[in-house]
Amino acid sequence: MQTASHFILGEMEAALSTIDLQALEEAVTSILSARTVFIYGVGRSGLIGQAFAVRLVQLGIDVHFVGDMTTPIVSREDVVIIVSNTGETMSAVQTANIVRRVGAKVISITGNPNSKLGHASNIVLELQSSRDEQRKKYAPLGTIFEGAALILFDSMVSIIMEKTGQNEASLRRRHAIWV
């Protein structure tokens, strides 16, 4: 267990260290200037996107996860964040192409900036991960990408908090309490 966890943490740190800081700043600026933020991903990438959507709600940002029954239509003033390790997931690529036709901005989080999704995006945040045998043994499929994406999104939360003058107390006031 310890070998796997150390490997996964090291690989996630390596992936995060390659993030283009200018692209990250552009992504945050785009999120803050958007009328509405939409997030899309399939499978575990979608779950990571949904976790980020929760934090954006707590930051007071109008956000929707694409595919929910109450998701409104995207418009030119919006930003759509698409999470896909391969950047080749058909529905992710189709979503990006639709969004671009409307004139909204596409931010992709991907392990492959040269993918169809990468080419359809305005801003690409690349999370590189190794393709060696150790990764297959200790972190199969998209484990490194998904973990690094979660940390990337949580890091973006702190940047947004700083830029908007918010703190944990202001997020807590928007934290859902249903029961």
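Residues numbered from 1 in each chain as written. Predicted model: local features only at pLDDT ≥ 70, side-chain atom pairs only at ≥ 80, totals over all residues. Heavy atoms only, no water.

Student: Mind showing me how you'd approach the sheet that holds strand E1 (residues 37-41) here?
Tutor: Adjacent strands of a sheet form backbone hydrogen bonds with each other and so pair up, either parallel or antiparallel. Across the sheet, which stays open at both edges, the 5 strands sit in the order E2-E1-E3-E4-E5 with parallel pairing between neighbours. Edge positions in the sheet fall to strand E2 (63-65) and strand E5 (123-126), since each of these pairs with one other strand and no more. Across the sheet, the mean angle separating the axes of adjacent strands is 20° when strand polarity is ignored. Here 6 bridges tie strand E3 (residues 79-84) to strand E4 (residues 105-110), and the two strands are oriented parallel to one another. Bridge pairing in E4 places Val83 opposite Ile109. Lying over the sheet, helix H2 (residues 21-33) contacts E1, E3, E4 and E5, oriented at roughly 125° with respect to E5. Helix-sheet contacts for helix H3 (residues 43-58) involve E1, E2 and E3, and the interaxial angle to E1 is about 160°. (Pairing = 2+ DSSP bridges. Helix = DSSP H or I, 4+ residues; strand = E, 2+ residues; numbered from the N terminus. Axes fitted to C-alpha atoms, helices over the stretch in contact; angles between N-to-C directions. Contact = heavy atoms within 4.5 Å.)

Student: What should I look at first to understand the pattern of salt bridges in this one?
Tutor: Where charged atoms of side chains with opposite charge meet at close range, the side chains can pair. Scanning all chains against the criterion turns up 4 salt bridges. Measuring nitrogen to oxygen at the nearest pair gives 2.9 Å for the salt bridge that ties Glu25 to Lys163. Here Glu25 is found in helix H2, whereas its partner Lys163 is found in helix H7 (residues 143-164), with 138 residues between them in sequence. Between Arg172 and Glu168 there is a salt bridge, with its nearest N and O atoms 2.5 Å apart. Residue Arg172 and its partner Glu168 are located together in helix H8 (residues 168-172), separated by 4 residues, close to a single helical turn. (Salt bridge = Lys/Arg side-chain N within 4 Å of Asp/Glu carboxyl O.)

Student: Would you take a moment to explain the packing of H3 against H7 for this structure?
Tutor: Packed helices, taken two at a time, are described by the angle their axes make and the gap between the axes. The N-to-C vectors of H3 and H7 enclose an angle of 10°; their axes lie 10 Å apart at closest approach. Comparing the axis directions of H3 and H7 gives the class roughly parallel. Residues Arg44, Ser45, Ile48, Gly49, Ala51, Phe52, Arg55 and Leu56 of H3 touch H7, and the partners they reach there are Thr143, Phe145, Glu146, Ala149, Leu150, Phe153, Asp154, Met156, Val157 and Ile160. (Parallel < 35°, antiparallel > 145°, perpendicular 65-115°, else oblique.)

Student: Is there a simple way to explain H2 in this structure?
Tutor: For an α-helix, the turn length of 3.6 residues means that residues three or four places apart are oriented alike. With 13 residues, H2 extends 18 Å between its outermost C-alpha atoms, agreeing within 8% with the 18 Å of an ideal straight helix rising 1.5 Å per residue. Taken as a whole, H2 has its buried residues at Ala23, Leu24, Ala27, Val28, Ser30 and Ile31. For H2, the buried positions fall inside an angular range of 160° around the axis, keeping them on one side. Those residues of H2 that are exposed and angled more than 90 degrees off the buried face are Leu21, Gln22 and Ser33. Measuring from the side-chain oxygen of the N-cap residue of H2 to the backbone nitrogen of Gln22 gives 2.9 Å; that N-cap residue is Asp20. (Expected span 1.5 Å × (residues − 1). Buried < 20%, exposed > 50% of the residue type's maximum accessible area, 1.4 Å probe, protein only. Arc of directions from axis to C-beta. Polar contact = N/O pair within 3.5 Å; in protein donor to acceptor, adjacent residues only side chain to side chain.)

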